[in-house]
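Take a look at the letters that make up each chain.
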Amino acid sequence: VPVAWEHVSSDEHITPPRLERVRGRYGVVRYAIRHSGDCLNKEGEWEYEPLPSSRDDEFFERCRWDDFDEAYEVFAAIDPNGRFADQVRWNRQNG
């Protein structure tokens, strides 16, 4: 079972975003979109990802997806630099 997906970049100096299968509290499998020490939240904004012992329930609610298909759809809308296309962000916010 794959545990991480990464964007491909032709620029070797770019660390592309990753979609990762993560095991959280109580062994629950969820998905995180990570990039350069940050984690994408469900509002489409990158935020600092604290150490595991400092992550609270609100962080998990904001920055973890329960559904792989939903997480992958968001991940696929991000370019190798970790940026959303403006239209994609607008569509997600406005349903």
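Scroll up to find the structure.
Residues numbered from 1 in each chain as written. Predicted model: local features only at pLDDT ≥ 70, side-chain atom pairs only at ≥ 80, totals over all residues. Heavy atoms only, no water.

Undergrad: Any chance you could break down the sheet that holds strand 2 (residues 18–23) for me, citing the residues and the numbers?
TA: Spatially, 1-2-3-4-5 is the arrangement adopted by the 5 strands of the open sheet, whose pairing is antiparallel. Looking along the sheet, the strands with just one partner apiece sit at the ends: strand 1 (4–6) and strand 5 (46–48). Within the sheet, the average angular offset between the axes of one strand and its neighbour, ignoring direction, is 35°. Both strand 2 and strand 3 (residues 29–35) contribute to a ladder of 6 bridges, which runs antiparallel. Bridging from a neighbouring strand, Arg23 pairs with Val29 of strand 3. (Pairing = 2+ DSSP bridges. Helix = DSSP H or I, 4+ residues; strand = E, 2+ residues; numbered from the N terminus. Axes fitted to C-alpha atoms, helices over the stretch in contact; angles between N-to-C directions.)

Undergrad: Residues and numbers for the pattern of salt bridges, please.
TA: Counted according to the given criterion, the structure contains 9 salt bridges. For the salt bridge of Glu20 with Arg34, the shortest nitrogen-to-oxygen distance reads 2.4 Å. Taken as a pair, Glu20 in strand 2 and Arg34 in strand 3 lie far apart in primary sequence, 14 residues in all. When the shortest N-O distance is used, the salt bridge between Glu49 and Arg55 registers 3.4 Å. (Salt bridge = Lys/Arg side-chain N within 4 Å of Asp/Glu carboxyl O.)

Undergrad: For a negative patch on the surface, give the residues involved together with the corresponding values.
TA: Taken together, the side chains of Asp67, Asp69, Glu70 and Glu73 make up a negatively charged region of the molecular surface. Tracing the backbone through its elements, the reader meets Glu73 in helix 2 (residues 68–76). (Patch = residues over 30% accessible without salt bridge, like charges linked within 9 Å, V, L, I, M, F, W, Y side chains within 5 Å. Areas by Shrake-Rupley, 256 points an atom, 1.4 Å probe, with all protein chains shown as cover. Lys, Arg positive; Asp, Glu negative; His and termini not counted. Charge placed at Lys NZ, Arg CZ, Asp CG, Glu CD.)

Undergrad: Tell me about the nonpolar core, residues and numbers included.
TA: Leu19, Tyr31, Ile33, Leu40, Trp65, Ala71, Val74, Phe75, Ala77, Ile78 and Phe84 form the largest nonpolar core, which has 11 residues in total. For this core, the secondary-structure elements that each account for two or more residues are strand 3 and helix 2. It is helix 2 that contributes the most residues to this core, 3 residues altogether. If we skip the residues at most four places from it in the chain, Ala71 touches Leu19, Tyr31, Ile33 and Trp65. Among the nonpolar cores identified, the runner-up in size contains 6 residues, and Val22, Ala32, Phe59 and Cys63 belong to it. (Core = buried A, V, L, I, M, F, W, Y, C linked by side-chain atoms within 4.5 Å. Buried < 20%, exposed > 50% of the residue type's maximum accessible area, 1.4 Å probe, protein only. Contact = heavy atoms within 4.5 Å.)

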